[in-house]
Amino acid sequence: GVVADIQFADAEDGHDFGGCRRRYYRHSLRLLREAVRAWAGESPPIDFVLQLGDSIDGQNARRGEAESALQQVLEVLGQLSVPVHHAWGNHELYNFSRARLVHTGLYSRPAGGSDGPPDRECHAYHFSPAPRLRLVVLDTYDASTLGADPGSPRYQESLRVLREKNPNDDLNSPAGLTEPYFVAFNGGFSQAQLDWFDEVLKFSDENQEKVIVVGHVPIHPCASNGVCLAWNYKAALSVIHSHRCVVCVLAGHLHDGAYCQDSHGVHHLTLEGLIETPPESNAFGTIYVYEDKMMLKGRGRIPDRVMHF
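Throughout this document, residue positions are counted from 1 along each chain, in the order its sequence is written. In view of the model being predicted, local features appear only for residues whose pLDDT reaches at least 70, and side-chain atom pairs are presented and counted only at 80 or more, with totals across whole chains, interfaces and linings using the full set of residues. Note: side-chain values were computed over all heavy atoms of the structure, leaving out hydrogens and water.

**Quick look at the environment of Cys122**
Definition in use: In DSSP terms, a helix is any run of H or I states spanning at least four residues, a strand is any run of E spanning at least two, and both are numbered starting from the N terminus. Residue burial is assigned from relative accessible area. The probe radius is 1.4 Å, only protein chains are included, and a residue is buried under 20% of its type maximum, exposed over 50%, and partly exposed in between. For this analysis, residues touch if any pair of their heavy atoms sits within 4.5 Å.
Residue position: Cys122 is located in the loop between α5 (98–101) and β6 (125–130). Residue classification places Cys122 among the buried residues on the basis of a relative accessible area of 1%. Measuring from C-alpha to C-alpha, the distance between Cys122 and Gln51 comes to 17 Å, with 71 residues separating the pair along the chain. Ignoring anything within four residues of it in the chain, the contact list for Cys122 reads Arg98, Arg109, Pro117, Asp139, Asp142 and Gln193.

**Looking at the pairing of strand β12 (residues 283–289)**
Just so we agree on the cut-off: Any two strands are treated as partners once DSSP identifies two or more bridges connecting them.
In terms of residue burial, β12 counts as a mostly covered element, since five of its seven residues are buried. Pairing of β12 with strand β13 (residues 293–300) involves seven bridges; the strand directions are antiparallel. Bridging across to β13, Gly285 finds its partner in Gly298. Taking the residues that link successive antiparallel strands as the turn, the β12-β13 hairpin has three residues.

**Some remarks on the pattern of salt bridges**
Here is the rule we go by: Within this document, salt bridges are pairs made up of a side-chain nitrogen of Lys or Arg and a carboxyl oxygen of Asp or Glu, the two lying within 4 Å of each other.
Inspection of every chain in the model, using the stated rule, returns 22 salt bridges. A salt bridge links Arg63 to Glu65; the nearest nitrogen and oxygen atoms lie 3.3 Å apart. Assessed through its relative accessible area of 25%, Glu65 is described here as partly exposed. Among the charged side chains, a salt-bridge network with shared partners connects Arg21, Arg23, Asp256 and Glu276.

**Concerning the packing of aromatic side chains**
Aromatic ring pairs are reported here in terms of the distance separating the ring centres and the angle at which the planes meet. Rules: Aromatic rings from Phe, Tyr and Trp, with only the six-membered ring used for Trp, were paired whenever their centres fell within 6.5 Å, and each pair was classed as stacked if the ring planes differed by under 30 degrees, edge-to-face if by over 60, and tilted otherwise. Lysine NZ or arginine CZ positioned within 6 Å of the ring centre and within 35 degrees of the ring normal marks a charge as sitting over the ring.
Under the defined criterion, the tally for this structure stands at seven aromatic pairs. Aromatic pair Tyr181 and Tyr233: ring centres 5.4 Å apart, planes at 85 degrees, arrangement edge-to-face. Linking Tyr181 in the loop between α6 (153–165) and α7 (191–206) with Tyr233 in helix α8 (residues 233–241), this pair joins segments that are 52 residues apart in sequence. Each member of the pair, Tyr181 together with Tyr233, is buried. Among the aromatic residues, those joined into a cluster by ring pairs are Tyr181, Phe182, Trp231 and Tyr233. Of note, Lys293 hangs over the ring of Tyr290, and the distance from its end group to the ring centre comes to 4.7 Å. A cation sits over an aromatic face here: Arg305 above Tyr259, 4.1 Å from the ring centre.

**Things to note about the side chain of His243**
Note the following rule: Counting of polar contacts relies on pairs of N or O atoms within 3.5 Å, with two restrictions inside protein: one atom must be capable of donating a hydrogen and the other of accepting it, and residues adjacent in sequence are counted only when both atoms are side-chain atoms.
Tracing the sequence through the fold places His243 in the loop between α8 and β9 (246–251). Look at His243 and you get buried, because its relative accessible area is 13%. Only 2.6 Å separates the side chain of His243 from the side chain of Asp198, close enough to count as a polar contact. The contacts of His243, once residues within four sequence positions are left out, are Asp198, Leu201, Lys202 and Asp205.

**Considerations on unusual backbone geometry**
Along the chain, Ser43 connects to Pro44 via a cis peptide bond; the corresponding omega equals 0 degrees. Its place among the elements puts Pro44 in the loop between α1 (27–40) and β4 (49–51). Its identity is not glycine, yet Asp5 carries a phi of approximately 50 degrees, on the positive side. Positive phi values are uncommon outside glycine, yet His253 reaches one of about 75 degrees. By secondary structure assignment, the location of His253 is in the loop between β9 and β10 (258–261).

Given below as structure tokens:
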């Protein structure tokens, strides 16, 4: 099962930062319940769910409702009898520090040290749900000012990069930028995470595995609107393209959704966001993985898609 950008808040409908796109804060939880019911009724049963980030909305922090909002989302997902793997988005980091997220139900890294980078607060990990198939979840805010202690090296270096690339007073504004993705609501990858990613893909190459990469922020310009893109997406793509194993990259963040197949044959699928889905529709899907293809059966705003390897 796949779903992105739930952004639940117990609040009246509102609009995006541009003031022109409607956001259905309360209804997103009802739509999530519908998704859970549909997944629970799948035959054959689903193996797991990927929640691609932004499970709750940033306004919960201002309202003092971050913990309760998260609890409500996790309770709905907890009705499933299968694991739910979470990516972290910018809205999680508006509500919680990284240090706090490690101790919430959104922390999906398994116990033990071999599944992810040495930094336990870097929410990247991998798992193999079936023979010769591996999923790698990346932390697209490993380099970011969001959720980081202002005194930490992570924050200071991320702020330096942002200010160097974005001279605007509002660091969330891409106005006038030649690289408009250098905004605070995006993030990037540390070198340590990229090195770890490279090692995981090397292992998958050697073991003839197919790999699906998952993260909140898209890493290909053609699966983006040019703004919703990881800061150092080129570095992540370089790692992917230096190996044979990656077949697909799944992302959220861009509520309109997008798709492309890149020059190396890798599919980049950005899912439509639940938060901007009218109450009479929905936005979730089920992905079926075969030896030679992935089939997405979408609901509501998300179209069906077949991606051949």
